Amino acid sequence: MNDETLAKTASSAYDAALEVIATVEPRIAAATRQELADQRASLKLIASENYASPAVLLTMGTWFSDKYAEGTIGHRFYAGCQNVDTVESVAAEHARELFGAPYAYAQPHSGIDANLVAYWSILAHHIETPGLAKLGAKNVNELSEADWESLRAELGNQRLLGMSLDAGGHLTHGFRPNISGKMFHQQQYGTDPDTGLLDYDVVRAKAREFKPLVLVAGYSAYPRRIDFARMREIADEVGATLMVDMAHFAGLVAGKVFTGNEDPVPHAHVVTTTTHKSLRGPRGGLVLAQEEFAADVDRGCPMVLGGPLSHVMAAKAVALAEARQPAFRTYAQSIADNAKSLAEGFLSRGATLVTGGTDNHIVLLDVSSFGLTGRQAESALLDAGVVTNRNSVPADPNGAWYTSGIRLGTPALTTRGFGATEFDKVAELMVQVLSNTQPGTTSAGAPSKASYQLADGVADRVKAESAELLDAHPLYPGLDLA
Ligand code: PLP
């Protein structure tokens, strides 16, 4: 099917689906149409978002949603799972082939779930299984209450070392609001205060001192690549398991932009990811593992996961099949090239970037040079139709709520076909907004970290200029809803 016929067919499919939905709850059908219109009309720079293909999206709206399939491929706790087995096998096969991983687990419902599966599989591998063997039991049900208590105490008394939140790490890498910060004793490594870069010698020194069971590498807001071979060396030196969370940059690994030491898969014991960010699939998670961890990861459901979302696993299979096409490599390279253009666009206009630039898909703009908090910048940009999210910068004086940064990513607009020229223009438009925004005051006249004033006319002017870019690169070209 050529692109034009494909778009026409997808248009009919969506129109028909929305008509059916409207017979039950017209407000949901209307909101669904409106969401497409809104997404089409805004400059989306949220680093963790993308636009999945109609094939991926349509795969989620089927009767696989109705099926329970707890267990593993060929070994389910429910009857009638033969088609779910096919779906999960195809998704896992594509993931193994795409990433060159010995084992893949397609069930996690999200990135947080994938990380929980990984943590518990590492605990099971190193603590539970040897503990059971020592106590002469095959599984926990065979333990006396006292033995179970001592094993549980050991399971809950392990150490994890991950990247700090303000250096770009994720909540699931050992932070207290997340279960990872409660189930492990945790410490963090940050970035160099002068360069903003990861300092492997500091990571090594912390690991030597803290001796973690799990060393976590990966990030949500670090605009640079990581040398995973060095991280593995550090893990090996202290006897830790290296877990890499590649949720953000999985698309760059899939598209072979990150190879050698920058590809986590050959170096880590366990790799987790989301499927909906740079990988451009449905919302969900994946775990990849070396053979020695496969059996433990495979226990994800029911260890920490409920019944698999078979319709989403089907969409993961479709997205992974797309990512194995040669066009995905071109896409991934463009994500990285475009991030460089965006960064240069800011630097040439005098803005400050954390680490002074980027070599992945993220640009972290320090908006304190505009006299603004991240919260003020995020709101002013949104008024002008630019969708971003505020983010801490290292040692952020404004904390995690107001912040001093704006995190930007190129995967979504690259999917729309934006290139270097368009990203330079995006930087220009954003600088127009930020340099025309003043911090506001509270109702009592004190300086406010939230309120702001955007000069008259700027939002309209920026929206009009963005519309030219957006019209030239339509989202879902040819998808025409009635
Ligand atoms: N890991 C990293 C590095 C992330 O950036 C995120 C999402 O922001 C997650 C995990 C969690 O993913 P999800 O929102 O799918 O649970």
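Residues numbered from 1 in each chain as written. Predicted model: local features only at pLDDT ≥ 70, side-chain atom pairs only at ≥ 80, totals over all residues. Heavy atoms only, no water.

1. Thoughts on the overall build of the chain
Then, in step 1: Each helix and strand counted, the chain has 19 helices and 17 strands in total.
Then, in step 2: Computed over the C-alpha atoms, the radius of gyration of the chain is 23 Å, within 12% of the 23 Å expected from 2.2 N^0.38 for a compact globule of 482 residues.
Then, in step 3: Principal-axis analysis of the C-alpha atoms gives the chain an extent of 75 × 55 × 45 Å.
Then, in step 4: Within the chain, the proportion of its 482 residues that are buried is 54%. (Helix = DSSP H or I, 4+ residues; strand = E, 2+ residues; numbered from the N terminus. Rg over C-alpha atoms; globule rule 2.2 N^0.38 Å. Buried < 20%, exposed > 50% of the residue type's maximum accessible area, 1.4 Å probe, protein only.)

2. Observations regarding unusual backbone geometry
Then, in step 1: Going from C301 to P302, the amide bond is cis rather than trans, its omega being 15°.
Then, in step 2: With respect to the helices and strands, the residue P302 is situated in helix α12 (residues 300-303).
Then, in step 3: Of note, T403 is a non-glycine position whose phi angle comes to about 60°, a positive value.
Then, in step 4: Note on placement: T403 falls in the loop between α16 (399-402) and β15 (405-409).

3. Focus: the environment of K449
Then, in step 1: Mapping K449 onto the fold places it in strand β17 (residues 447-454).
Then, in step 2: Discounting residues that sit within four places of it in the chain, K449 has contacts with T373, R375, Q376, P397, N398 and Y402.
Then, in step 3: A distance of 3.1 Å separates polar atoms of two side chains, one belonging to K449 and the other to N398. (Contact = heavy atoms within 4.5 Å. Polar contact = N/O pair within 3.5 Å; in protein donor to acceptor, adjacent residues only side chain to side chain.)

4. Digging into the domain arrangement of the chain
Then, in step 1: In terms of domain boundaries, the chain breaks down into domain 1 (64-323) and domain 2 (327-472).
Then, in step 2: Across the boundary between the two partners, domain 1 contributes 27 residues, which contact 26 residues of domain 2.
Then, in step 3: Counting each side, the surface lost to burial between domain 1 and domain 2 is near 2100 Å², with a carbon and sulfur contribution of 58%.
Then, in step 4: Looking at the side of domain 1 facing domain 2, the largest losses of area belong to P223, R224 and R280, adding up to 29% of the total buried there.
Then, in step 5: One can count one salt bridge joining domain 1 with domain 2.
Then, in step 6: Here R224 ties to D359 by a salt bridge, and the two come within 3.5 Å at their closest N and O atoms.
Then, in step 7: Where domain 1 meets domain 2, there are 12 residue pairs in polar contact (both at pLDDT 80 or more). (Domains from an automatic or database assignment. Buried area = accessible area lost by both parts, 1.4 Å probe. Salt bridge = Lys/Arg side-chain N within 4 Å of Asp/Glu carboxyl O.)

5. Things to note about the packing of aromatic side chains
Then, in step 1: The final tally for this structure, using the stated rule, is eight aromatic pairs.
Then, in step 2: With a centroid separation of 5.0 Å and an interplanar angle of 15°, the aromatic rings of Y68 and Y78 are classed as stacked. Of this pair, Y68 sits in the loop between α3 (54-59) and β2 (71-72) while Y78 is found in the loop between β3 (75-76) and α4 (82-99), placing the two residues 10 residues apart along the sequence.
Then, in step 3: Judged by its relative accessible area of 46%, Y68 is partly exposed.
Then, in step 4: When the centroid spacing of 5.9 Å and the interplanar angle of 65° are considered together, the rings of F418 and F423 count as edge-to-face. We note that F418, like F423, is buried.
Then, in step 5: One aromatic cluster is present, formed by Y219, Y222, F228, F249 and F258 through successive ring pairs. (Phe/Tyr/Trp six-rings, centres within 6.5 Å; stacked < 30°, edge-to-face > 60°.)

6. A word on the sheet that holds strand β11 (residues 352-353)
Then, in step 1: Spatially, the four strands line up as an open sheet ordered β11-β12-β15-β14, and their pairing is antiparallel. Each end of this open sheet is capped by a strand with a single partner; those strands are β11 and β14 (389-391).
Then, in step 2: By the bridge criterion, five bridges tie strand β12 (residues 362-366) to β15 in an arrangement that is antiparallel. Within β15, the residue paired with L365 across the bridge is I406.
Then, in step 3: Lying on the sheet, helix α14 (residues 326-347) is in contact with β11, β12 and β15; it crosses β12 at an angle near 15°. (Pairing = 2+ DSSP bridges. Axes fitted to C-alpha atoms, helices over the stretch in contact; angles between N-to-C directions.)

7. Digging into the nonpolar core
Where a protein is soluble and globular, its nonpolar side chains tend to be buried together.
Then, in step 1: Residues F99, L215 and M231 are the most contacted members of the largest nonpolar core, which totals 60 residues.
Then, in step 2: In terms of residue count, the dominant contributor to this core is α4 (seven residues).
Then, in step 3: Split by domain, this core shows at least three residues from each of two domains, domain 1 (64-323) and domain 2 (327-472).
Then, in step 4: Apart from residues lying up to four places away in sequence, F99 is in contact with M246, A250, V253, A254, V265, L279, L286, L288 and L320.
Then, in step 5: With 35 residues, the next largest nonpolar core counts A343, F418, L429 and V433 among its residues. (Core = buried A, V, L, I, M, F, W, Y, C linked by side-chain atoms within 4.5 Å.)

8. Let's talk about the state of the cysteines
Note: disulfide means a covalent bond formed between the sulfur atoms of two cysteine side chains.
Then, in step 1: The full count for this structure, using the stated rule, is zero disulfides.
Then, in step 2: Summary of cysteine pairing: C81 is not part of a disulfide, and the nearest cysteine sulfur, belonging to C301, is at 10 Å.
Then, in step 3: Under the relative-accessibility criterion, C81 is labelled buried at 5%.
Then, in step 4: When its relative accessible area of 2% is taken as the criterion, C301 is described as buried. (Disulfide = S-S within 2.5 Å.)

9. Brief notes about the sheet that holds strand β5 (residues 158-163)
Then, in step 1: Read across the open sheet, the seven strands follow the order β4-β10-β9-β8-β7-β5-β6; overall the sheet is mixed. If you trace the sheet from one side to the other, it starts and ends with β4 (103-105) and β6 (184-189), each paired once. When strand polarity is set aside, the average angle formed by the axes of neighbouring strands in this sheet is 20°.

10. Remarks on the site of the ligand
Then, in step 1: The local shell around the ligand consists of S110, G111, I112, H170, Y219, S220, D245, A247, H248, T274, H276 and K277.
Then, in step 2: Between an oxygen atom of the ligand and a side-chain N or O atom of S110, the distance comes to 3.2 Å.
Then, in step 3: For the ligand, an oxygen atom lies 2.8 Å from a polar atom in the backbone of G111.
Then, in step 4: For the shell around the ligand, a count of residues per class yields three nonpolar, seven polar and two charged. (Near = heavy atom within 4 Å. Nonpolar A, V, L, I, M, F, W, Y, C, P; charged D, E, K, R; others polar.)

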